[in-house]
Structure formats: C-alpha cells, structure tokens
Amino acid sequence: MSKKPSICFSVFAFMALGAPPVALASMIQATITGTVSAGVDGTSGGSTPVFGFAPGTSLVGQAFTLTYTFDDTEGQQTATTCCALPPVTFKTDIAGTGASSPGTAVLQIGSGSFTFGPSSEGSSEAYRTAPPIDSTAYYEVIVQDGINDSDVFALVVPADGTILSLDPNWESAFSSSNLSGGVYGFQISVKTGPDSLLFATGELTATSITVSGPIPAGSTPEPAASLLVGIGLIALGTFRLRRGRS
C-alpha cells in the first residue's frame, strides 16, 4: 500500500519549485590599452606627478591601461531608435551625475595609477552605436570629477572598412584590436594643499578594447530559496523512494 506525502513535504516542495530568483546588479568593464601620444606627469614648476615620474617628465611612448567600470543600477539608461518599421535600435546609453553617476575609471601608466570618480559633483556616461544607422559603430565612455577638475574620456572608432560591433547594447561583450582614430584624453588636477597640486595631462592612442558582458540577472537564487529547493528535492526523493518500496 502506497503512502501519501505529508502536507509539510508537499508545502516545502511547492515553495522550493516556485521560489523567485534574485535579480543581480551588473558591473560592466571596458578595458582600453595603448600608448601615450602626448602628455606630462607633473610640472617642473612644482606640481606633484601622478604616475611616479620626475616632475615635468614627458609621458610620450608610455604604455597605458584604462579601465572603466559601470554599475547598471545607477544613472539612467536610454535606447535610440530610427527609421524602420518596426523601429531599429542603433544606440544605447547609460549616464548619471553625483550620487547617481554609474561609472568610475582607473588609468594606469608606468608604476602609478589614478582613479576617477565617484564624486558628488561628477558625472559619467557610456554609449555604443551600431549599424545600420551608423555604418561602422563606435563606443564612448567618459568619467568626470567636478570637485577635482579631472576627467578621462575615450571615443573608440574601428579601422576603416571594419565594424566595431553589430550589437548596440552598451553592456554586451565584445573586443577589438583593429582600431583607428578616435579621441582619448585625460586631465588630472587635484589640489592637495594650499600650495600643492597633483597634476598630469595627456592624450592616448588606443590599440585594443575589451568590454565584459554583465553578470546575467536572475541567475542566482536567494539563500533562503536555495534552502527551500534543497528541502523540496529531498522531500520529493523520499516520497518516491517510499512509493518504490511499498
């Protein structure tokens, strides 16, 4: 004679199978590498260098790594469409200011690095375009620090005759080392005392970009939900085992 599962086991199984997943925030990184094409670390007049060189040292020819990190739970996201029926999305964007600024950036040159943002008076933005409206596509990121008068920006453009990305989603992963042109630059000016200043400025030539894709939202259940799932599966397994022996 078969036994019916207890009400307790049935409730656990139902709760486990129906437990909602947790939506996860996504952190997206855009890493750009290349060489410095113009710039100076500090000045011979007394401002302090940022990247560890002697005051007034030219940064030309130095390798750089510029890493932007964006939190997609901050700021505001928009999508731009055009022309076709149904409309085609050819640009997406995230932007914000102050406490809602979604982006920070770290610029490394030589043995030193500098972090841009967050700042109560700063702002940041990232966007990407794609064909068919933009025939080549491009990717732009910028972080500004309004308090310290510092910013770093990058407009990534593909080599002539190539396409940077077919996906207009600013978050989606892609990489390219086939770049041409574009605009890249940084300004660091931080007052560290009444008569002291941390200073560096320069222009960058990019040779590669890699954008990481986001962590998939909803892919990980809550701890409580995980416990219920485990209990539910044990209950179902016990019930089936008892049925098989009866």
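Residues numbered from 1 in each chain as written. Predicted model: local features only at pLDDT ≥ 70, side-chain atom pairs only at ≥ 80, totals over all residues. Heavy atoms only, no water.

Here the focus is the confidence of the model for the chain. Overall, the prediction assigns the chain a mean pLDDT of 81, with 77% of residues at 70 or greater. The low-confidence segment residues 1-23 (pLDDT under 50) makes 28 contacts with residues lying over four places distant or belonging to another chain. Scored below 50 in pLDDT, residues 217-236 shows 26 contacts in the model against residues more than four places distant or in partner chains. (pLDDT = per-residue confidence, 0-100. Contact = heavy atoms within 4.5 Å.)

Turning next to the nonpolar core. Within the largest apolar cluster, 38 residues are counted, with the highest numbers of intra-cluster contacts made by I32, F51, Y68, Y139 and F186. Listed by contribution, the elements that provide at least two residues to this core are strand 2 (27-41), strand 4 (63-71), strand 7 (103-109), strand 8 (112-116), strand 10 (139-145), strand 11 (150-156), strand 13 (183-193) and strand 14 (196-211). Residue contributions to this core peak at five residues, all from strand 14. Those residues in contact with I32 that sit more than four places away from it in its chain are F64, T65, L66, Y68, V141, A154, V156, Y184, A206, S208 and I209. (Core = buried A, V, L, I, M, F, W, Y, C linked by side-chain atoms within 4.5 Å. Buried < 20%, exposed > 50% of the residue type's maximum accessible area, 1.4 Å probe, protein only. Helix = DSSP H or I, 4+ residues; strand = E, 2+ residues; numbered from the N terminus.)

Before going further, it helps to examine unusual backbone geometry. The omega torsion of the bond from G117 to P118 falls at -5 degrees, within 30 degrees of zero and hence cis. Residue position: P118 is located in the loop between strand 8 and strand 9 (123-129). Phi is positive for A137, which is not a glycine, with a value near 75 degrees. Note that A137 resides in the loop between strand 9 and strand 10. Looking at A137, the relative accessible area reads 0%, which means it is buried.

Of the pairings in the sheet, the one linking strand 2 to strand 4 comprises nine bridges and is antiparallel in character. Within strand 4, the position partnered with T31 by the bridge is T67. When strand 2 meets strand 3 (residues 57-58), the two strands line up antiparallel, connected through two bridges. By the bridge assignment, V40 is partnered in strand 3 with S58. (Pairing = 2+ DSSP bridges.)

The subject of this paragraph is the environment of D149. Looking at the element boundaries, D149 is found in the loop between strand 10 and strand 11. Separated by 40 residues in sequence, D149 and S189 have C-alpha atoms that sit 5.7 Å apart. Once residues lying within four places of it in the same chain are set aside, the contact partners of D149 are Q187 and S189.

So, about the packing of aromatic side chains. Scanning the entire structure with this criterion turns up five aromatic pairs. Considering the side-chain rings of F70 and W170, the 6.1 Å spacing of their centres and the 70 degrees angle between planes classify their relative orientation as edge-to-face. With F70 in strand 4 and W170 in the loop between strand 11 and strand 12 (174-176), this pair connects stretches of sequence that are 100 residues apart. Residues F70 and W170 agree in their burial class; the two are buried. An angle of 75 degrees between the planes, with centres 5.9 Å apart, marks the rings of Y127 and Y138 as edge-to-face. Remark: Y138 occurs in the loop between strand 9 and strand 10 and Y127 occurs in strand 9; sequence separation between them is eleven residues. Taking NZ or CZ as reference, K91 lies 4.3 Å from the ring centre of Y127, over its face. (Phe/Tyr/Trp six-rings, centres within 6.5 Å; stacked < 30°, edge-to-face > 60°. Lys NZ or Arg CZ within 6 Å of the ring centre and 35° of its normal.)

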